[in-house]
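So the chains spell out like this:
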Amino acid sequence: MRKGIDKDFLAYDLDYVRELYLFYSGNSLKKRFSIPSSSFGRINDSFSEYFVLNSLKNILERLNRSQFLLQYYHKYKKILVMEVTEKMKEATLTFPYEEYDQYLPILQKINGLVSNNGSLTVFVNNVPYALEAGIFLTTTSNYDQIMEIAKGNNMKLDTTRGLMEIILGLGERQYNMMSLFPQMNQEEIDSMLSPMFFFSPKSDFEKEGFKFSKFSKKKIFVSYCHKNKTVVGDIIDNLRSYGLDFWIDEEQIDVGDRLMERIDKGMREADIPIVFLSNATKESMYAKHELQTFFSQIIYQTGDRKNWYIVKLDDVNPNDILLGLGDFKYFDVETNEINELVDSLKRKLK
């Protein structure tokens, strides 16, 4: 390294910057590396930081004809240098803001897999109405392994944003950003990232005795024939006005979902089913599948109390739909009031 020159001006010296670059990048093999800030004297205020980083960036881009990103870390007295290339694989991954402390070892593992010519930048949105945390990474190796780790730890791939979109958000005060040095340990990552999060993780609140349980009403699964969709929908809307909660397919099944899988899941998660019977039920494959499933469960229940509720919409004979169904008590909408159905369902749910 050259001596005898005031270091405050060395960030403008092309030959000096070239020597530094070749030394710390391992003759250009590393695309992510750090340079001690002492190489440029004392960076002791925002003005000197801006001029040193800006000059260093300009010279590096002139020397290499590629784009560079630089960050100065006051605590470590280091300048992180990252060369951006278009030939690298990249990914933006998000994780729950409120669980960021749980993701520190995962970030360490991913950072260790990012190639020497790659980068890993953490971004955090601390705006109360838009809390968000994630990483942007580039790498030429271990991409599939990184994505496997991300998927196994419920990190979400966000294809709508890359580094430039995050930087644009940074300009509008949406994000804090920090790039990790290669081979950082978990303690160093924790020390670097924790100040980026303005709000404590959920685990801190749990230690103070706060609970995050979600309480919900008991749910009633609605089984019906789609030819009766309108009349059943009107009945369900009426019952909901009395405080009852229902699982009904048209609200729970999205386009592209596997019908039988979603229906079976809804049947398992509900507390009791309400089965609407009509003459149309005799021709409905899905309604009969649900009915047979519930019927087999009821048959093997012990005790006299049967955890289902049958509602007859017209003059259908239940035994014509399924032999033995007529042996169960049912509610007839043509002869009974809705209040009776409400009271009966609430008793069943207790």
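Quantities reported herein were computed from a predicted structural model and do not represent experimental measurements.

1. Details of a nonpolar patch on the surface
A grouping of F9, Y12, F47, Y50 and F51 is seen on the molecular surface, where their side chains present a nonpolar patch of about 640 Å² in accessible area. Relative to the elements of secondary structure, F9 occurs in the segment before α1 (14-24).

2. A word on the pairing of strand β3 (residues 78-84)
Counting buried positions along β3 yields five of seven residues, so the element is predominantly enclosed. Sheet topology note: the strand β1 (residues 32-36)/β3 ladder contains five bridges and is antiparallel. Bridging across to β3, I35 finds its partner in I79. Here strand β2 (residues 67-73) pairs with β3 via seven bridges, running antiparallel. Looking at the pairing, Q67 lines up with V84 of β3. Following β2, the chain reverses through four residues before pairing antiparallel with β3; K77 in that reversal takes a positive phi of roughly 55°.

3. Observations regarding the sheet that holds strand β4 (residues 89-95)
An order of β7-β4-β6-β5-β8 is seen for the five strands of this open sheet, with the pairing classed as antiparallel. For this open sheet the edge positions go to β7 (156-157) and β8 (176-179), each flanked by a neighbour on one side alone. Relative to β8, strand β5 (residues 119-125) runs antiparallel, the two being bridged by four bridges. Across the sheet, residue F123 finds its bridge partner in β8, namely M177. The strands that helix α4 (residues 143-152) touches are β4, β6 (132-139) and β7; relative to β4, the one it contacts most, it runs at about 10°.

4. Quick word on the environment of V232
Looking at where V232 falls in the secondary structure, it is placed in helix α8 (residues 229-240). Residue V232 is classed as buried on the basis of its relative accessible area, which comes to 1%. Between the alpha carbons of V232 and F276 there is a distance of 7.6 Å; along the sequence they are 44 residues apart.

5. A short note on helix α3 (residues 100-113)
Given a rise of 1.5 Å per residue, 14 residues ought to cover 20 Å, and the 20 Å separating the end C-alpha atoms of α3 matches this to within 8%. At I106, α3 is bent by approximately 30°, the largest bend along its length. Of the positions making up α3, those classed as buried are Y100, Y103, L104, I106, L107, I110, N111 and L113.

6. Some points on the environment of S179
Tracing the backbone through its elements, the reader meets S179 in strand β8. Spatially, the C-alpha atoms of S179 and Q71 are 7.6 Å apart, while their sequence positions differ by 108 residues. Ignoring any residue separated from it by four or fewer positions in sequence, one finds S179 in contact with Q71, Y73, L80, M82, L120, T121 and M192. A polar side-chain atom of S179 sits 2.8 Å from a polar atom in the side chain of T121.

7. Examining the confidence of the model for the protein chain
The predicted coordinates of low-pLDDT regions are not to be read in fine detail. For the protein chain, per-residue confidence averages 83 on the pLDDT scale, and residues scoring 70 or more make up 85% of the total. Across residues 1-5, confidence stays below pLDDT 50; counting only partners more than four residues off in sequence or on other chains, it has 10 contacts.

8. Focus: the packing of aromatic side chains
Taken as a whole and judged by the stated rule, the model has 15 aromatic pairs. Centroid distance Y73 to F181: 4.8 Å. Interplanar angle 55°. Geometry classified as tilted. You can see Y73 sitting in strand β2 and its partner F181 sitting in the loop between β8 and α6 (186-193), a full 108 residues away along the chain. Like F181, Y73 is buried. Feature note: the residues Y97, Y100, F197 and F199 constitute an aromatic cluster, connected by ring pairs. In this arrangement the basic side chain of K78 is found over the ring face of F181, its NZ or CZ atom lying 5.4 Å from the centre. For K202, the ring lying beneath its charged end belongs to F212, and the centroid distance is 5.1 Å.

9. As for unusual backbone geometry
Phi at S28 is positive, roughly 75°, even though this residue is not glycine. Looking at S28, the relative accessible area reads 24%, which means it is partly exposed. Even without being a glycine, Q183 presents a positive backbone phi close to 60°. Considering the arrangement of structural elements, one finds Q183 in the loop between β8 and α6.

Cut-offs applied
Residues numbered from 1 in each chain as written. Predicted model: local features only at pLDDT ≥ 70, side-chain atom pairs only at ≥ 80, totals over all residues. Heavy atoms only, no water. Patch = residues over 30% accessible without salt bridge, like charges linked within 9 Å, V, L, I, M, F, W, Y side chains within 5 Å. Areas by Shrake-Rupley, 256 points an atom, 1.4 Å probe, with all protein chains shown as cover. Salt bridge = Lys/Arg side-chain N within 4 Å of Asp/Glu carboxyl O. Helix = DSSP H or I, 4+ residues; strand = E, 2+ residues; numbered from the N terminus. Buried < 20%, exposed > 50% of the residue type's maximum accessible area, 1.4 Å probe, protein only. Pairing = 2+ DSSP bridges. Contact = heavy atoms within 4.5 Å. Axes fitted to C-alpha atoms, helices over the stretch in contact; angles between N-to-C directions. Expected span 1.5 Å × (residues − 1). Bend = angle between axes of the 7 residues up to and from the residue. Polar contact = N/O pair within 3.5 Å; in protein donor to acceptor, adjacent residues only side chain to side chain. pLDDT = per-residue confidence, 0-100. Phe/Tyr/Trp six-rings, centres within 6.5 Å; stacked < 30°, edge-to-face > 60°. Lys NZ or Arg CZ within 6 Å of the ring centre and 35° of its normal.

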